[in-house]
Amino acid sequence: MIYLVEDDESIRELVVYTLKSQGMDTKGFERPSLFWKAMEKEQPSLLLLDIMLPEEDGISILKKLRMRPDTRKLPIIMLTARGSEYDTVVGLDSGADDYIPKPFRMMELISRIRALLRRTEDSGAEEYQMGCLYVSPARHIVTVNQEPVSLTLKEYEMLCLLLKNSGIVLSRTQLLNQIWGYEFDGESRTVDVHIRTLRQKLGEAGDLIETVRGIGYKIGGK
């Protein structure tokens with residue numbers, strides 16, 4: 001079940017209709033009070049949340065959900081007309097998993113929803129031990145020689161994706177589409193930049209990530 005909190009009726013009806021047509025059971029709420037009432041009966045697998053709302057703004061709702069033990073890890077995508085870098089940072093720093101400014105393309109929204117749900121399902125994956133590197137997706141822990149390593153969300157997701165596909169070469173395009181969850185408009189160099197910073201933060205374990213010239217990257221295997 002996907003919940004959508006959006007006070008614009010035309011947007012709300014279009015998103016609900018489109019997601020249902022893609023086989024995603026979805027409920028829309030025009031006011032936060034209706035959303036909170038529904039939460040008492042059933043929790044969704046993902047929440048689409050607008051920022052500018054009557055009664056209570058989306059950031060306030062987001063912070064409340066992140067403070068509750070039962071919804072702390074609920075996948076949340078912010079949908080808002082605000083597209084400034086400041087609002088994006090506030091939303092992500094408050095605990096949002098993704099951020100899509102309006103107007104957005106419906107197919108992009110669907111791709112981002114599916115990507116986030118996949119990452120959520122993978123969060124309970126097995127633990128990985130490779131040399132001095134240890135990663136626990138379920139606990140969101142990364143250590144090198146038993147010392148904790150702090151990674152950005154994209155660096156962490158890239159590391160987990162490489163480990164999940166140990167020994168398999170992943171192209172830059174595959175990494176872009178699977179990590180960002182949609183067709184990326186920027187350069188493939190984005191992957192190279194993230195790989196470089198990831199290697200630096202992993203220290204000696206960074207050598208585990210191999211560059212396959214002209215193709216992409218892999219970790220582990222011969």
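These figures come from a predicted structure and were not determined experimentally. (Residues numbered from 1 in each chain as written. Predicted model: local features only at pLDDT ≥ 70, side-chain atom pairs only at ≥ 80, totals over all residues. Heavy atoms only, no water.)

Peer 1: Is there a simple way to explain the packing of helix 2 (residues 32-39) against helix 3 (residues 58-67) in this structure?
Peer 2: For any two helices packed against each other, one specifies the inter-axial angle together with the distance between the axes. At a minimum axis distance of 12 Å, the contact between helix 2 and helix 3 shows a crossing angle of 20°. In terms of their interaxial angle, helix 2 and helix 3 are classed as roughly parallel. Remark: the crossing between helix 2 and helix 3 carries right-handed chirality. Of the residues in helix 3, those touching helix 2 at Pro32, Phe35, Trp36 and Met39 are Ile61, Lys64 and Leu65. (Axes fitted to C-alpha atoms, helices over the stretch in contact; angles between N-to-C directions. Helix = DSSP H or I, 4+ residues; strand = E, 2+ residues; numbered from the N terminus. Parallel < 35°, antiparallel > 145°, perpendicular 65-115°, else oblique. Left-handed = near helix turned anticlockwise from the far one by under 90°. Contact = heavy atoms within 4.5 Å.)

Peer 1: How should I be thinking about the packing of aromatic side chains in this particular structure?
Peer 2: The tally for this structure, following the rule as stated, stands at four aromatic pairs. Ring centres of Tyr3 and Phe35 lie 6.2 Å apart, and the angle between their planes is 85°; on these two criteria the pair is classed as edge-to-face. Taken together, the residues span a long stretch of sequence, with Tyr3 in strand 1 (residues 2-5) and Phe35 in helix 2 at a distance of 32 residues. Residue class for Phe35 comes out buried when judged on its relative accessible area of 0%. (Phe/Tyr/Trp six-rings, centres within 6.5 Å; stacked < 30°, edge-to-face > 60°. Buried < 20%, exposed > 50% of the residue type's maximum accessible area, 1.4 Å probe, protein only.)

Peer 1: Even after reading the chapter, I still don't get the UniProt feature "modified residue: 4-aspartylphosphate" (unreviewed entry) in the chain, so can you show me in this structure?
Peer 2: UniProt's feature table lists "modified residue: 4-aspartylphosphate" (unreviewed entry) at Asp50, given in the numbering used throughout. Following the sequence through the fold, Asp50 ends up in strand 3 (residues 46-50). When its relative accessible area of 4% is taken as the criterion, Asp50 is described as buried. Contacts of Asp50, omitting those with residues within four sequence positions, involve Val5, Glu6, Asp7, Gly58, Leu79, Thr80 and Lys102. (UniProt positions renumbered as here; feature names shortened; annotations may be inferred.)

Peer 1: Teacher, can you tell me more about the pattern of salt bridges here?
Peer 2: Two side chains with opposite charge may pair up if their charged atoms get near one another. For the structure on display, the rule yields 14 salt bridges. The shortest N-O distance in the salt bridge between Arg31 and Glu30 comes to 3.7 Å. Glu157 is the salt-bridge partner of Lys154, the closest N and O atoms lying 3.9 Å from each other. Of the two residues, Lys154 and Glu157 both sit in helix 6 (residues 153-164), three residues apart, roughly one turn of that helix. Accessibility expressed as a relative area gives 11% for Glu157, which makes it buried. Through salt bridges that share partners, Asp98, Arg105, Glu108 and Arg112 make up one connected network. (Salt bridge = Lys/Arg side-chain N within 4 Å of Asp/Glu carboxyl O.)

Peer 1: Is there a simple way to explain the sheet that holds strand 6 (residues 128-130) in this structure?
Peer 2: Within a sheet, each strand pairs with its neighbour through backbone hydrogen bonds, oriented either parallel or antiparallel. Taken in spatial order, the four strands line up as 6-7-8-9 in an open sheet, and their pairing is antiparallel. Two strands lie at the open edges of the sheet, namely strand 6 and strand 9 (147-148), each paired on one side alone. In this sheet, strand 7 (residues 133-136) lies alongside strand 6 in antiparallel orientation, the contact comprising three bridges. Bridge pairing in strand 7 places Tyr128 opposite Val135. Packed onto the sheet, helix 6 meets strand 6, strand 7 and strand 8 (141-144) and runs at close to 100° relative to strand 7. (Pairing = 2+ DSSP bridges.)

Peer 1: Any chance you could explain the sheet that holds strand 1 here in plain terms?
Peer 2: Strand order in the open sheet made by the five strands is 2-1-3-4-5, with parallel pairing throughout. Both edges of this open sheet fall to strand 2 (26-29) and strand 5 (98-101), since each of them pairs with a single strand only. Within this sheet the neighbouring strands show an average axis-to-axis angle of 15°, counted without direction. Sheet analysis places strand 4 (residues 76-80) next to strand 5, joined by four bridges and oriented parallel.

Peer 1: Teacher, can you tell me more about the packing of helix 6 against helix 8 (residues 189-202) here?
Peer 2: In the contact formed by helix 6 and helix 8, the axes pass within 10 Å of each other and the chain directions differ by 85°. Considering their axes alone, helix 6 and helix 8 lie roughly perpendicular with respect to each other. Listed contacts from helix 8 to Lys154, Glu155, Met158, Leu159 and Leu162 of helix 6 are Val191, His194, Ile195, Thr197, Leu198, Lys201 and Leu202. Tallied by class, the residues present in the contact of helix 6 with helix 8 amount to seven nonpolar, two polar and three charged. (Nonpolar A, V, L, I, M, F, W, Y, C, P; charged D, E, K, R; others polar.)

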